[in-house]
Amino acid sequence: MTEKLSILGSTGSIGTQALDVCENAGIAVTALTANSNAKLIEAQARKFKPKMVALADEVAAKELKIRLGDTDIKVLGGQKGVCECAAEETADTVLNGIVGMAGLEPTLTALGAKKGLALANKETLVAGGSLVTRTAKENNIRILPVDSEHSAIFQCLQGMNKKQELKSIILTASGGPFFGKTRAELENVTVAEALRHPNWSMGAKITVDSATMMNKGLELIEAVWLFDVSPSEIQIVVHRESVVHSLIEYVDNSVIAQLGVPDMRIPIQYALTYPERIPSPVKRLSLSDYKSLTFSKPDYETFRCINLCRSAIEKGGLFPAIANGANEKANELFRKGKVGFLQIADLVEAAISNGVSKDNYTLSDVLEADRAAREFVESHVR
Ligand code: NAD
Ligand code: MG
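Residues numbered from 1 in each chain as written. Chains lettered and ligands numbered in written order. Predicted model: local features only at pLDDT ≥ 70, side-chain atom pairs only at ≥ 80, totals over all residues. Heavy atoms only, no water.

## Details of the site of ligand 1
Around ligand 1 sit 22 residues in total, of which Thr-11, Ser-13, Asn-35, Glu-123 and Gly-203 are the nearest. In this structure, an oxygen atom belonging to ligand 1 sits 2.9 Å away from a main-chain N or O atom of Ile-14. Val-99 is positioned with one of its backbone polar atoms (N or O) 3.5 Å from an oxygen atom of ligand 1. For ligand 1, whose accessible area on its own is 830 Å², the fraction buried by protein is 87%. Residue assignment for the shell around ligand 1 shows that the elements contributing at least two residues are helix H1 (13–25) and helix H6 (122–127). Along the lines of polarity and charge, the residues of the shell around ligand 1 split into ten nonpolar, nine polar and three charged. (Near = heavy atom within 4 Å. Polar contact = N/O pair within 3.5 Å; in protein donor to acceptor, adjacent residues only side chain to side chain. Areas by Shrake-Rupley, 256 points an atom, 1.4 Å probe, with all protein chains shown as cover. Helix = DSSP H or I, 4+ residues; strand = E, 2+ residues; numbered from the N terminus. Nonpolar A, V, L, I, M, F, W, Y, C, P; charged D, E, K, R; others polar.)

The structure is reproduced here in structure tokens:
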């Protein structure tokens, strides 16, 4: 059970909900970080009284230093400052709610400092899977999943005796705002339409990833690393209601699921109170309020990103980093109105075909693969 927590990405969707959880659970907050929102992090710092705060943006960090000038909270700037917060001395656990590859070095720093790690930042586990899991092992840290599907699997696994008893993992997917649409119908969808998720309110990047279903592909890779299973042992099923958060299948064909209302405060809290459970302010699940729960096969032809990710992790090496880097850039360009919705998968596919991989990669290899994939996407859009 976490007592003192450092929250990375505290101004985001995960970060603000993590602060709610801390308030409810009586967890002390010892450090907070964000990218550039000085006003919001100032308010959070005044309320939660951490020892240190950091903004990745140096200019915004200077502004924050002035804003918090009347307090004794240490204010830091840049990636270095964020990493310092990830290793804050008194914290026993770090929650990484940063979006994208910017979370990689803070994750490695937290593990190196032997902090417990509650991980929402899936992109860095996708891109640097072997590096992150090796660092966790070396420091004797078990990574606790925050992503709802992975928390569900982790919860289902609590009843497992031996690893050999597990047959497969079944990841559920909401299908996003474009479920049931044809490729022709997706040709000209707008950013506003992609941002209208049916069940979850999340940051813009992951919401677009849910619309392309790249999010499920990233989650497949995330599951490979978190649960040490092969990609072929992971099935994906569309479940529109987002009530069954994922399932596991045992060798005797018994299937165990975890259910709940779609509210991230449940998986966030479980990662922080594990192995204990405490009461939560989240709404209780009333199954009879749902007329039915539905399950169907994903439309892999329309939502091509799922299988692009599956092939990237099957190829191994740096291919997941290339797929992730290309997607981060293509997703950003889509949100800026510079590429069409269907182009996102095309760009990820082209980056993978063009990418150069390497087994036994280092941190600098991952960062270079990420940079090259982004550059590849940019140069193909101009
Ligand atoms: P968000 O955009 O709402 O928040 C991102 C946070 O990261 C913000 O605090 C922002 O300031 C910070 N940040 C952004 N760029 C940064 C940089 N360069 N350096 C340091 N900090 C930076 O995103 P989110 O929806 O909260 O998602 C965060 C992560 O959690 C993502 O990896 C996402 O895939 C994962 N996740 C989110 C949800 C959800 O419900 N929101 C669910 C499952 C997984
Ligand atoms: Mg998820």
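## Description of the coordination of the magnesium ion (ligand 2)
Note on metal sites: the ideal angle is 109.5 degrees for four tetrahedral donors, and 90 or 180 degrees for six octahedral donors. For the magnesium ion (ligand 2), the full set of protein donor atoms is Asp-147 (OD), Glu-149 (OE) and Glu-219 (OE), and the range of their distances to it is 2.1 to 2.2 Å. Here the donor residues of the magnesium ion (ligand 2) are spaced in sequence according to D-x1-E-x69-E. Note that Asp-147 is positioned in the loop between strand S7 (143–145) and helix H8 (148–156) and Glu-219 in helix H12 (residues 214–227), a separation of 72 residues in sequence. When sorted by exposure, Asp-147 lands in the same class as Glu-219, which is buried. (Donors = N, O, S within 2.8 Å, 3.2 Å for Na, K, Ca; no water. Buried < 20%, exposed > 50% of the residue type's maximum accessible area, 1.4 Å probe, protein only.)

## Remarks on the pairing of strand S8 (residues 166–173)
Of all eight residues making up S8, seven are buried, and the element is well covered by its neighbours. Relative to strand S10 (residues 244–250), S8 runs antiparallel, the two being bridged by four bridges. In the strand pairing of S10, Ile-169 is matched with Ile-248. Of the pairings in the sheet, the one linking S8 to strand S9 (residues 234–238) comprises five bridges and is parallel in character. Across the sheet, Ile-170 pairs through a bridge with Gln-235, a residue of S9. (Pairing = 2+ DSSP bridges.)

## Focus on the pairing of strand S6 (residues 116–119)
Direction of pairing for strand S5 (residues 93–96) relative to S6: parallel, over a ladder of four bridges. From the neighbouring strand, Leu-95 faces S6, where its bridge partner is Ala-118. With respect to chirality, the unit in which S5 leads through helix H5 (residues 104–112) into the neighbouring parallel S6 is right-handed. Bridging between S6 and S7 involves three bridges; their strand directions are parallel. Residue pairing for S7: Leu-117 is matched across the bridge by Ile-143. (Right-handed = clockwise from strand over helix to strand, strands pointing away.)

## With respect to the sheet that holds S7
Spatial strand order, S4-S3-S2-S1-S5-S6-S7: seven strands in an open sheet with parallel pairing. The open sheet has two free edges, formed respectively by strand S4 (74–77) and S7, since each of these has just one partner strand. Sheet twist, expressed as the average angle between the axes of neighbouring strands with direction ignored, equals 20 degrees. One ladder, built from four bridges, connects strand S2 (residues 28–34) with strand S3 (residues 52–55); its direction is parallel. Residue pairing across strands places Leu-32 opposite Val-53, the latter belonging to S3. The sheet strands contacting helix H3 (residues 58–67) are S3 and S4, and the helix crosses S4 at an angle near 165 degrees. (Axes fitted to C-alpha atoms, helices over the stretch in contact; angles between N-to-C directions. Contact = heavy atoms within 4.5 Å.)

## Describing unusual backbone geometry
Between Tyr-274 and the following residue, Pro-275, the backbone shows a cis peptide bond with an omega angle of 5 degrees. Within the fold, Pro-275 resides in the loop between helix H13 (265–273) and helix H14 (305–315). Phi angles above zero are rare outside glycine, and Asp-228 is one such case at about 55 degrees. Position of Asp-228 relative to the elements: it lies in the loop between H12 and S9. The exposure class assigned to Asp-228 is exposed, which follows from its relative accessible area of 60%.

## Digging into the side chain of Gln-269
Turning to its location among the elements, Gln-269 is positioned in helix H13. The class for Gln-269 is buried, based on a relative accessible area of 6%. Aside from chain neighbours lying at most four places away, what touches Gln-269 is Val-21, Asn-24, Ile-278, Pro-279 and Ser-280.

## Thoughts on the sheet that holds S9
Ordered by their spatial adjacency, four strands build an open sheet running S9-S8-S10-S11, and the pairing between neighbours is mixed. The sheet is open, and its two edges are formed by S9 and strand S11 (255–259), each paired on a single side. Across this sheet, the average inter-strand angle for adjacent strands is 20 degrees, counted without regard to direction. In this sheet, S11 lies alongside S10 in antiparallel orientation, the contact comprising five bridges. Bridged to Ile-248 within S11 is Ile-256. Its contacts with the sheet put H8 on S8, S10 and S11, and the angle it makes with S10 is roughly 40 degrees. Sitting on the sheet, H12 touches S8 and S9, and the angle it makes with S8 is about 150 degrees.

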